Amino acid sequence: MTDDIYDDDTPDESGQTTGKKQAKATGKPQKQQEAASATPAADATSGPTPDAAPGTVSDAPPDAAANAANDVTIIDTQTGDQSEQALAARGKAASIEVAVSTPPRAGDDARALDFDGLSDIEAENPDGSESSDTTDSTDGPELPVLPDELPVLPVRDVVVFNYMILPLFVGREKSVQAVDAALNGSRYLMICTQRDESVDDPAPEDLHPTGTVVMIMRMLKMPDNRLKVLVQGISRARVESFGVGDGYLTARVETLPEPELGPPTVEQEAMMRAAREQSEKILSLRGIATSDIMAVLNSVDDPGRLADLIAANLRMKVSDAQAILECTDPDARLRLVNEQLVKEVEVASMQAKIQSMAREGMDKAQKDYFLREQMKAIRRELGESGNEDEELEDLTRALERSGLPREVRKEADKQLRRLASMHPDSSEATVVRTYLEWLAELPWAKLSRDRLDINKAKVILDEDHLGLAKVKDRILEYLSVRKLNPKSKGPILCFAGPPGVGKTSLGRSIARAMGRKFQRISLGGMRDEAEIRGHRRTYIGAMPGRIVQSLKQLGTRNPVLMLDEIDKIGSDFRGDPSSALLEVLDPEQNFSFSDHYLNVPFDLSKVMFICTANQLDTIPAPLRDRMEVISIPGYTMQEKLAIARRYLLPRQAKENGLSPREVTVPDALIERIITGYTREAGLRNLEREIGSLCRKVARRKAEGEKGPFRVTPRMLEKLLGAPRFIDEEKEAELLPGVALGLAWTPYGGEVLHVEVTPMKGKGGVTMTGQLGDVMKESAQAAISYARSRAERLGIEPDFSEKLDLHIHVPAGATPKDGPSAGVTMVTALLSAITGKPVRSDLCMTGEITLRGRVLPVGGIKEKILAGVARGMQHVIIPRQNVKDLEDIPADLLRRIQVHPVAHIDDLLPLAFPKGE
């Protein structure tokens, strides 16, 4: 090993070192030691010592490391003494690049750097003369006798192995002091790798306890008091205990000597061969000459040393390198290295494959370009005009005819100039050409002529839909305003109601009445904002949003666009489409709507937007505020009967190959179908059942029977099966503790039983029937009201302390929530405690307060429809909901008596029969 150790003092202003080099007495000439340490080809070379390692490792110079594609180190394969002239002559031929782990980042406390400042020869010989002594090769050092305590040098992301020569850049104050202490003492350091490289001031618990004892071979001080040191691994070591020196960490260490091994076993020989073969594969895949390096690897017969030599030159994570360092068993260590080599072979193979594919792709692109140029030259020789020029002229004429606004025309001319200067077959030219085609095909100035005959529009609306007077009046009002003020902005209407009430078909009727084109855009499940605003042109496959696409398909700037299922828009990492709709559905903003693909303003103010929703609760408040909501609650029995007779039966007969005269269904049977086979606010299931009936009749006709066919009550169940819905048997008298409440659902109104059972107990309350939080709060409010008014209501004040109450709402499989069951809860509770039954022909709805006030609720029309269908004679509603009765047909109100109440005191006389 090299026994001469050099300590360079701080350089002077000129950059030359001013201190003297000190050397241990080794019996070797000083010049020889300087040449061994200053050879540019390698910082350390292999030596002829019998127990020495075959080679030592050092990092490449920083400039090379910064510019090379891969991090490399130099392994000098010279063996024996040679002259400096011989080393210089061999130069790069004797130095082989081998991949190693990535060096530490800039600014780390210790990192692999070469001495790129003054060389030692320059420091020793300021005149630039070179030493003529030959280099003395060195190998792994013999295990020294170490002091009791060694200074500890923490490093961030590098692991030092035995026999490894590594330049380190030292910058932290504690680390500088540790190096100074080692230089002033035995020149030995304990290098430990940090567990977390981001820690700037590592404590003992931040360091791996297993590291490497190194010897400082050279040191150079920088002008900013930082150090460059060249160290050589001496031995693995484990820290027994940490201490604190004069501003730096110290440690008592236990060296981990390599076990003495005999001749290699068959397994060891197999692992060493595998390691050499994998190393050769890596070198071949990276295009590195393997002969010299493999000569070095083949000369190592010790499994542990071979493992350390290869591990020092592998790209590995710090955790993997630390695991190899901590493994003291040579066989196990070589096995770990083999595993890392297998991974590196896979990575290198993939890199080689990717590079090969890239070269093939580049060659194909060059070949295609050459062939295209040849084709152009042939066309020119033949006198054929280029199609590219014709396409550019056609595109220019199309843009001129499209009536672009001034600012849009300016952008189009800019893109035309870009397209003219591009190669026609380039990908960028394709993007620009497609963009210009979109600009040319959009209806910038095309408008449909509105049919402003109000009487004719009313006839069309009445032909297509029965009822819906409120919606029809709003459409006729819009047409009247357009007739008087053609510059008025388009309305944003939102039809809200249960499924099947005709919201979408009503939009088609509106477009037909106005003489406009109609397009439906389904928003249900939409999660990508680009569906509304479009993609930016920089993306592959970019295209405009659905709004702009629809306008292009329709070819007019003032169609009727129906945004269906606006309450079912979603949102995720791709954006929030409901927020993008804020600009689309705002008349004060949509005159300059900007699609991301077009990137120019487009006027949407002439478009009539109609939205549909089943529920308004799921629509964001800012979006709901921009729309005029028109509720379509559902149809009464009489309306369903008329619609089925007028629209559904003729349409289904025609679709099933029958004429309207061939199938006859009496009104009584249609009513039985409505009540027994469907239960909905709309008409979809009713049309399905009528369609099923017509198919049965069509089969009979196809089998040879002669019509016309009349459906009788006896045939109904045979054709459609048993009724699916059977109304609960109307009780002539309710039991005490039972009251009938009214509930709203997206499919219409429902009549619910609320049951309260008192039992002897200690005041416990049990609620069942899948009640929501709001409904549970209504039950608690009912109990509190009853307790506070016990004497006035004629019940015992301490009933809550003597009775347990069980509140249940049947149909437990159906979740229930809402505040409108409050009055029903109070009525059922008082009936249960007093033992008085509630009237069996009475249903009710309304929210209550702790003071007994009855507050308004929603869905009054649907609830009254449900009460009438159930055969109720009386219904109690909040007094503030009287205004909602104007939406209910007069013939329906004549079938049920409505009792508005403002307080529970007004309700009780109606709920309990006289004399009770």
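The shown structure was predicted, so the numbers you read here are calculated from the model rather than taken from an experiment.

Peer 1: It is not clear to me how the sheet that holds strand E15 (residues 608-613) should be interpreted in this structure. Could you clarify?
Peer 2: Adjacent strands of a sheet pair through backbone hydrogen bonds, lying either parallel or antiparallel. As summarised here, the arrangement of the five strands in space is E11-E12-E15-E10-E16, forming an open sheet in which the pairing is parallel. The open sheet terminates on both sides in strands that have one partner only, identified here as strand E11 (518-522) and strand E16 (628-631). Each strand of the sheet is rotated relative to its neighbour by a mean of 25°, with strand direction disregarded. Across four bridges, the pairing between strand E12 (residues 560-564) and E15 is parallel. Residue pairing for E15: valine 560 is matched across the bridge by methionine 608. Docked against the sheet, helix H18 (residues 546-554) engages E11, E12 and E15, running at close to 155° with respect to E11.

Peer 1: What am I meant to see in the environment of isoleucine 310 here?
Peer 2: Relative to the helices and strands, isoleucine 310 is located in helix H8 (residues 303-311). Residue classification places isoleucine 310 among the buried residues on the basis of a relative accessible area of 6%. Counting along the chain gives 34 residues from isoleucine 310 to arginine 276, while the straight-line C-alpha distance between them is 8.9 Å. For isoleucine 310, the contacting residues outside a window of four places in its chain are Ala275, Ser279, Leu297, Val337 and Leu341.

Peer 1: Quick question: what am I supposed to make of helix H6 (residues 266-285) here?
Peer 2: A turn of α-helix holds 3.6 residues, and therefore any two residues three or four places apart point the same way. A rise of 1.5 Å per residue sets the reference length of H6, with its 20 residues, at 28 Å; its end C-alpha atoms lie 29 Å apart and thus fit the reference within 8%. For H6, the full list of buried residues reads Gln268, Met271, Met272, Ala275, Arg276, Gln278, Ser279, Ile282 and Leu283. One side of H6 carries all its buried residues, which in axial view fall inside an arc of 165°. Turned more than 90 degrees away from the buried face of H6 sit Val266 and Arg273, all of them exposed. A positive backbone phi angle near 70° is found at glycine 287, which sits one or two residues after H6.

Peer 1: Hey, could you run me through the nonpolar core in this one?
Peer 2: Most often, soluble globular proteins have nonpolar side chains that are buried together. Grouped together as the largest cluster of nonpolar side chains are 58 residues, with contacts concentrated most on Leu830, Ile864 and Ile904. Leave out the neighbours within four places in its chain, and isoleucine 904 touches Tyr785, Val823, Val826, Ile848, Gly852 and Val854. In terms of nonpolar packing, the next biggest core, distinct from the first, is built from 52 residues, Val560, Ile610, Leu693 and Leu720 among them.

Peer 1: Hey, could you run me through the pairing of strand E10 (residues 492-496) in this one?
Peer 2: The side chains of a regular strand alternate, first on one face of the sheet and then on the other. Of all the five residues making up E10, five are buried; the element is thus mostly covered by neighbouring parts of the structure. Neither face of E10 is left uncovered, since the one carrying Ile492, Cys494 and Ala496 and the one carrying Leu493 and Phe495 both have all their residues buried. Sheet topology note: the E10/E15 ladder contains five bridges and is parallel. Bridge pairing in E15 places isoleucine 492 opposite phenylalanine 609. Across four bridges, the pairing between E10 and E16 is parallel. Residue leucine 493 lies in a different strand from E16, and its bridge partner there is glutamate 628.

Peer 1: Please explain the UniProt feature "active site" (unreviewed entry) in the protein chain as it appears in this structure.
Peer 2: The sites that UniProt annotates as "active site" (unreviewed entry) are Ser820 and Lys863. A compact arrangement is adopted by the annotated residues: their sequence extent is 44 residues, whereas the largest C-alpha distance between any two is 10.8 Å. Those residues in contact with serine 820 that sit more than four places away from it in its chain are Leu742, Thr845, Gly846, Glu847, Val857 and Lys863. Relative to the elements of secondary structure, lysine 863 occurs in helix H29 (residues 860-869). Excluding residues within four positions of it along the chain, lysine 863 makes contact with Leu742, Ala743, Trp744, Gly749, Ser820, Thr845, Val857 and Gly858. Of note is the side chain of lysine 863, whose polar atom sits 3.4 Å from the side chain of serine 820.

Peer 1: Can you help me understand the pattern of salt bridges in this one?
Peer 2: Should the charged atoms of two oppositely charged side chains come close, the side chains can pair. In total, this model carries 40 salt bridges according to the counting rule given. Notably, a salt bridge pairs aspartate 200 with arginine 156, separated by 3.2 Å at the nearest N-O pair. Of this pair, aspartate 200 sits in the loop between strand E6 (188-193) and strand E7 (210-221) while arginine 156 sits in the loop between strand E4 (150-155) and strand E5 (165-170), placing them 44 residues apart in sequence. Salt-bridge contacts for glutamate 463 lead to arginine 512; the nearest nitrogen and oxygen are separated by 3.7 Å. Highlighted residues: glutamate 463 in helix H14 (residues 454-464) and arginine 512 in helix H16 (residues 503-514), separated in sequence by 49 residues. For glutamate 463, a relative accessible area of 43% translates into the label partly exposed. Taking the relative accessible area as the measure of exposure, arginine 512 reaches 39% and is therefore partly exposed. One continuous salt-bridge network, built from bridges that share partners, spans Arg236, Glu258, Asp308 and Arg333.

Quick notes on the rules
Residues numbered from 1 in each chain as written. Predicted model: local features only at pLDDT ≥ 70, side-chain atom pairs only at ≥ 80, totals over all residues. Heavy atoms only, no water. Pairing = 2+ DSSP bridges. Helix = DSSP H or I, 4+ residues; strand = E, 2+ residues; numbered from the N terminus. Axes fitted to C-alpha atoms, helices over the stretch in contact; angles between N-to-C directions. Contact = heavy atoms within 4.5 Å. Buried < 20%, exposed > 50% of the residue type's maximum accessible area, 1.4 Å probe, protein only. Expected span 1.5 Å × (residues − 1). Arc of directions from axis to C-beta. Core = buried A, V, L, I, M, F, W, Y, C linked by side-chain atoms within 4.5 Å. UniProt positions renumbered as here; feature names shortened; annotations may be inferred. Polar contact = N/O pair within 3.5 Å; in protein donor to acceptor, adjacent residues only side chain to side chain. Salt bridge = Lys/Arg side-chain N within 4 Å of Asp/Glu carboxyl O.

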